[in-house]
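# Structural overview for review
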Amino acid sequence: MSVSSRSSKPAVDVVIVGSIGIDTVETPHARRESVLGGSASYACAAASFFSRVGMVGVVGTDFPKAYHNLYKKFGVNTEGLQVVPGQTFRWSGVYEANMDNRRTLSTELNVFASFSPKLPESYRAAPYLFLANISPSLQMHVLDQMKRPRFVLLDTMDLWINTARDALRDVIRRVDMVTMNEFEARHFTGRHNLISAARQLLELGPKYVCIKKGEHGSLLFTRDSISLLPAFLIENVQDPTGAGDTFAGGFIGSLAKGGAINRKAIVRAMLYGSVAASFGVEDFSLDRLAKLKRAQLNQRVRQFQRMLAG
Ligand code: AMP
């Protein structure tokens, strides 16, 4: 038994479960084949700027060593990353000229199809949990193994809304906060009006609902408040893949660092998430985040704060 598994202090502040994939992405600018992607990759990388992060996921034996090393470079704890015989999850998509609309060309779950996550003992008492985009049954399985997280965030996508709606509703009932883009929120609730859609999500149990509106920013709903946060706009968007995951990772990492959990702290963490996402889209895959320095991130946060105040 390792020291970390005997002690009650968790080895990480934030546990993140999600997809870990090899992506092929085509934008109007370029096409990149077999690059590192997946919701957990983006989220863990972004969260690692603020907190100690533990990754839960699975890859096949084909997963390149260079990508394992990249997680290490971010300082991500990969004790919860399983390597099993078979092929890694693969996804490919193509963006239209406006970079907003994306078409999924293929999704191959591969090793994720039979994945049964077993959380390392050193993760179980972590205070923050992010159930990033992956099947709701896997999200539930991870949630069940956590001891008593202070704060649980959930993200999802249209595929799970279409194919696993009931399971998704069951997990949503058990989390503190849900993040969806406006289309997913409308699709899941059947309400076009975003206030009604958010209210329906809040009625399931979460205290906070964050609805993302891409370049138009994000909204935070509680039972008695609505907060608005613009996006940090940048001119040079190379690849929007993973922007939502980077936003959520930056969000939960900075929330964990701050320690408080209230509306004000959540909006502040959303600001950090937006800034992390604005860097992420400046290049393909995790390329920009891998070069990003904490000082550059802080500088953009200050710039964003001045824009909001001014
Ligand atoms: P986003 O742009 O936020 O939707 O995230 C894109 C990332 O999600 C890509 O890196 C994909 O590998 C991953 N992804 C695509 N489809 C799925 C899926 N069905 N489940 C989990 N992750 C997915």
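Look above for the structure.
Residues numbered from 1 in each chain as written. Predicted model: local features only at pLDDT ≥ 70, side-chain atom pairs only at ≥ 80, totals over all residues. Heavy atoms only, no water.

### What about the overall build of the protein?
We apply this condition: A run of H or I in DSSP counts as a helix once it spans at least four residues, and a run of E counts as a strand once it spans at least two, with each numbered from the N terminus. The globule rule is 2.2 Å times the number of residues to the power 0.38, and the radius of gyration it is compared with is taken over C-alpha atoms. The buried label goes to any residue with under 20% of its type's maximum accessible area, the exposed label to any with over 50%, and the partly exposed label to all in between, with areas taken from a 1.4 Å probe on protein chains only. Contact criterion: two residues are considered in contact whenever any of their non-hydrogen atoms come within 4.5 Å of each other. The Shrake-Rupley method, run with a 1.4 Å probe, gives the accessible areas here. Residue values count only the displayed protein chains as cover.
Along the backbone of the protein there are 12 helices and 13 strands. The C-alpha radius of gyration of the protein comes to 18 Å, within 12% of the 19 Å expected for a compact globule of 310 residues. For the protein, with 310 residues in total, the buried portion stands at 55%. Put simply, of all contacts in the protein between residues at least 6 apart along the chain, 65% involve residues at least 24 apart. Here the protein displays about 13700 Å² of accessible surface, and carbon together with sulfur accounts for 50% of that area.

### A look at the nonpolar core
Convention followed: Residue types Ala, Val, Leu, Ile, Met, Phe, Trp, Tyr and Cys, when buried and joined through side-chain atoms within 4.5 Å, form a set referred to as a nonpolar core.
Formed by 56 residues in total, the largest nonpolar core has its most connected members in Ile16, Phe151, Met177, Phe251, Ile266 and Leu297. Once you skip the residues sitting within four places of it in the chain, Met177 turns out to touch Phe151, Val152, Leu153, Leu154, Pro206, Tyr208, Cys210, Leu220, Phe251 and Ile266. Residues Val25, Tyr123, Leu131 and Val142 belong to the second largest nonpolar core, which totals 46 residues.

### Considering the packing of aromatic side chains
To keep things clear, this is the line we draw: In this scheme Phe, Tyr and Trp rings, the latter by its six-membered ring, pair at centre separations within 6.5 Å, and the angle between planes marks the pair as stacked below 30 degrees, edge-to-face above 60, and tilted otherwise.
Summed over all chains, the structure comprises nine aromatic pairs. Seen from their ring centres, Phe151 and Phe251 are 6.4 Å apart, and the 50° between their planes marks the pair as tilted. Residue Phe151 is found in strand E9 (residues 151–155), and its partner Phe251 is found in helix H9 (residues 243–258); the two are separated by 100 residues along the sequence. Under the relative-accessibility criterion, Phe151 is labelled buried at 1%. A connected cluster of aromatic rings, assembled from ring pairs, spans Phe63, Tyr67 and Tyr71.

### Describing the site of the ligand
This is how the line gets drawn: By convention in this text, a residue qualifies as near a molecule or strand provided that one of its non-hydrogen atoms is within 4 Å of it. Pairs of N or O atoms are called polar contacts if they sit within 3.5 Å, as long as, within protein, a hydrogen donor faces a hydrogen acceptor (for residues adjacent in sequence, only side-chain-to-side-chain pairs).
Lining the immediate environment of the ligand, one finds 16 residues, of which Ser19, Asp23, Gly38, Arg102 and Gly242 sit closest. The contact in question runs from an oxygen atom of the ligand to an N or O atom on the side chain of Asp23, over 2.4 Å. Surface burial for the ligand is 93%, taken as the share of its 510 Å² of free accessible area covered by protein chains. Of all the secondary structure elements, the ones that give two or more residues to the shell around the ligand are strand E6 (89–95), helix H5 (158–163) and H9.

### Quick look at the pairing of E6
Side chains on a regular strand alternate between the two faces of the sheet. Put simply, the test is: One bridge is not enough; two strands pair if DSSP finds at least two bridges between them.
Burial analysis of E6 places six of its seven residues in the buried class, which makes it a mostly covered element. Inspection of the sheet shows strand E2 (residues 21–26) paired to E6 by six bridges, in the parallel sense. The partner of Val25 across the bridge, within E6, is Gly93. Note: E6 against strand E7 (residues 102–108), six bridges, orientation antiparallel. Bridge pairing in E7 links Trp91 to Thr107. Hairpin geometry of E6 and E7 is characterised by an intervening segment of six residues between the two adjacent antiparallel strands and by a positive phi of about 65° at Met99.

### So, unusual backbone geometry
We note that Ser34 has phi near 50°; this positive angle belongs to a residue other than glycine. You can see Ser34 is positioned in strand E3 (residues 31–37). The exposure class assigned to Ser34 is partly exposed, which follows from its relative accessible area of 31%.

### Some details on the pattern of salt bridges
The line we're drawing: Salt bridge, as used here: a side-chain nitrogen of Lys or Arg that lies within 4 Å of a carboxyl oxygen of Asp or Glu.
Going through the model one piece at a time under the given rule, you end up with 13 salt bridges. The closest approach of N and O atoms between Asp155 and Lys212, which form a salt bridge, is 3.9 Å. With Asp155 in strand E9 and Lys212 in strand E11 (residues 208–212), this residue pair connects regions lying 57 residues apart in the sequence. Lys212 shares its class with Asp155; the two are buried. A single salt-bridge network, built from bridges that share partners, covers Glu26, Arg31 and Glu33.

### A word on the environment of Leu271
Here Leu271 shows up in helix H10 (residues 263–280). Classification of Leu271 as buried rests on a relative accessible area of 8%. Sequence separation between Leu271 and Ser254 is 17 residues; the distance between their C-alpha atoms is 9.5 Å. Here Leu271 is in contact with Leu229, Val301, Phe304, Gln305 and Leu308, once residues within four sequence places are set aside.

### Considering the sheet that holds E6
Where strands meet in a sheet, backbone hydrogen bonds hold them as pairs that are either parallel or antiparallel. Note the following rule: Think of each axis as a best-fit line through the C-alpha atoms, taken over the contacting stretch in the case of a helix, with angles from 0 to 180 degrees between the N-to-C directions.
Spatially, E3-E2-E6-E7 is the arrangement adopted by the four strands of the open sheet, whose pairing is mixed. The open sheet has two free edges, formed respectively by E3 and E7, since each of these has just one partner strand. Sheet twist, expressed as the mean angle between neighbouring strand axes with direction ignored, is 20°. For E2 and E3, the ladder comprises five bridges, and the chain directions are antiparallel. Considered in E3, the bridge of Val25 is made with Arg32. Running at roughly 55° to E3, helix H3 (residues 65–74) makes contact with E2 and E3 of the sheet.

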